[in-house]
Amino acid sequence: MEGGNGRRRRVREERGGGDDIFIDRPMTQTTLVASSASSSSLTARVSELRRSKIRRRRAETEIENGDQLEAGHEGSIGSVDPLDALELPSDAHIAFESLRSRSKLQIQALGDLPPIVLRSQLYASLRERSEVDKHLESMRAIGELRLLKAVLIRDDIAVVTTDDYIECIDMKLLSCKEGTLDEVALRRFRDHTVPTYRHKSITKEELRHSLHPSRVKQSVEMTSAILRSGFVVRAASDDQSFNFSVPSWGRFWKNVRDGSKELTQKLRRQEYNELMLSALETSQIRNSCFDASFHVKQMVGSNAVEIIRTTGGSVVRLLDNDDHES
């Protein structure tokens, strides 16, 4: 009887260390002692994971800065200077952080997903889409952001900070038994694959090489382990490539799609297919863990709706865009 419940309680102990623990049976003195020892061990593992992340990020920055100095980098078009990119927060960065904070609270309903911001939401937050694209590309190039391809929805991109992405991997590691294939593969993926390959996709050969460059059999087994973990998915257009993702990736996009469809249907029932923004943003969403404001921004940035300013307030009008509902 302990199998599922015991595992659930163990994972919660690893995450929080004491307050947020699922208890399915009375805890005896022996249980408390065992739990304390396990907690100490896991605390040490978490500390080690965090220290390794800090060392890794410092090393990456030093290597990149050194490479650019040797190449005589002058900030030419198409290249990015990490110091310039991180010097002052841009409007795009401020918008991203605001959306990330809201996502962090709502996305918890889907499990251990990192805070996710959609490119379409950033488009809706700034006047110039080119500013959003420039910011995302510069942050991706220096390893600050990960851009992940959408599923179920066309022409959108999910944006995750690299720190949040790595923390998501670390959380997954805590549920792996130390020394197992899954645990070793995830560590190699975190320490070698993620820092090296910063695009949305990776070829099968690149993934295998980053996991175990010298042994083909082990690299194939590790690739399968990473697929099972959910941090990569097979690319629909190329059977020799994978797209970076996170666990529960399909569930996330199903919530995005279903919530937007629900608001679309609500607008279709209105005269002239329009509704006051204040009324739409306070709508109760039944088919998504996200609030209406999350979906309105996604729909505006995807050109599914438009915002019209009137003397009586802002109005949301549905556009004739069949692609959004597909």
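Our structure's up above, just so we're on the same page.
Throughout what follows, the structure given in this document is the object of discussion. (Residues numbered from 1 in each chain as written. Predicted model: local features only at pLDDT ≥ 70, side-chain atom pairs only at ≥ 80, totals over all residues. Heavy atoms only, no water.)

**Thoughts on the environment of G312**
Inspection of the secondary structure puts G312 in the loop between β8 (305-310) and β9 (313-318). G312 gets classed as exposed once you look at its relative accessible area, which sits at 61%. (Helix = DSSP H or I, 4+ residues; strand = E, 2+ residues; numbered from the N terminus. Buried < 20%, exposed > 50% of the residue type's maximum accessible area, 1.4 Å probe, protein only.)

**Quick look at the pattern of salt bridges**
Opposite charge on two side chains permits pairing when their charged atoms draw close. A full pass over the atoms with the stated rule returns twelve salt bridges. A salt bridge links D191 to R190; its shortest N-O distance comes to 2.8 Å. Residue classification places R190 among the buried residues on the basis of a relative accessible area of 1%. In this structure, E274 engages R317 in a salt bridge whose closest nitrogen and oxygen atoms are separated by 2.8 Å. With E274 in strand β7 (residues 274-276) and R317 in strand β9, this pair connects stretches of sequence that are 43 residues apart. Each member of the salt-bridge network shares a partner with another, and the members are D170, R190 and D191. (Salt bridge = Lys/Arg side-chain N within 4 Å of Asp/Glu carboxyl O.)

**A closer look at the nonpolar core**
Among the nonpolar cores identified, the biggest contains 35 residues, and Y165, F189 and F252 are the most heavily contacted of them. Listed by contribution, the elements that provide at least two residues to this core are β3 (157-161), α7 (162-174), α8 (181-196), α9 (204-211), α10 (216-229), β6 (241-244) and α11 (249-268). When near neighbours in sequence (up to four residues on either side) are disregarded, F252 contacts I107, L110, L113, I116, L118 and F290. Ranked by size, the runner-up nonpolar core spans 16 residues in total, among them A92, L99, M139 and L147. (Core = buried A, V, L, I, M, F, W, Y, C linked by side-chain atoms within 4.5 Å. Contact = heavy atoms within 4.5 Å.)

**Looking at the packing of α9 against α10**
Relative to each other, α9 and α10 sit at 105°, their axes nearing to 9 Å. Considering their axes alone, α9 and α10 lie roughly perpendicular with respect to each other. For the pair α9 and α10, the contacting residues are L207, R208 and L211 in the first and S219, V220, M222, T223 and I226 in the second. Residue composition of the contact of α9 with α10, by class: five nonpolar, two polar and one charged. (Axes fitted to C-alpha atoms, helices over the stretch in contact; angles between N-to-C directions. Parallel < 35°, antiparallel > 145°, perpendicular 65-115°, else oblique. Nonpolar A, V, L, I, M, F, W, Y, C, P; charged D, E, K, R; others polar.)

**Thoughts on the packing of α7 against α8**
At a minimum axis separation of 10 Å, α7 and α8 run at an interaxial angle of 165°. Taken together, the axes of α7 and α8 lie roughly antiparallel to each other. Of the two possible hands of crossing, α7 and α8 adopt the one that is left-handed. Here Y165, I166, I169, D170, K172 and L173 of α7 lie close against α8, whose contacting residues are E183, L186, R187, F189, R190 and V194. Of the residues assigned to the contact of α7 with α8, the class counts are seven nonpolar, no polar and five charged. (Left-handed = near helix turned anticlockwise from the far one by under 90°.)

**Topic: the packing of aromatic side chains**
The full count for this structure, using the stated rule, is eight aromatic pairs. Ring geometry for F189 and F231: centres 6.2 Å apart, planes at 40°, overall tilted. Residue F189 is found in helix α8, and its partner F231 is found in the loop between α10 and β5 (232-234); the two are separated by 42 residues along the sequence. Its relative accessible area of 0% is what places F189 among the buried residues. When the ring of F290 is compared with that of F294, the centres are 4.0 Å apart and the planes differ by 10°; the resulting orientation is stacked. Looking at F290, the relative accessible area reads 2%, which means it is buried. Connected via pairs of aromatic rings, a cluster forms that spans W249, F252, W253, F290 and F294. Positioned over the ring face of Y165 is R146, at 5.6 Å from the centre of the ring. (Phe/Tyr/Trp six-rings, centres within 6.5 Å; stacked < 30°, edge-to-face > 60°. Lys NZ or Arg CZ within 6 Å of the ring centre and 35° of its normal.)

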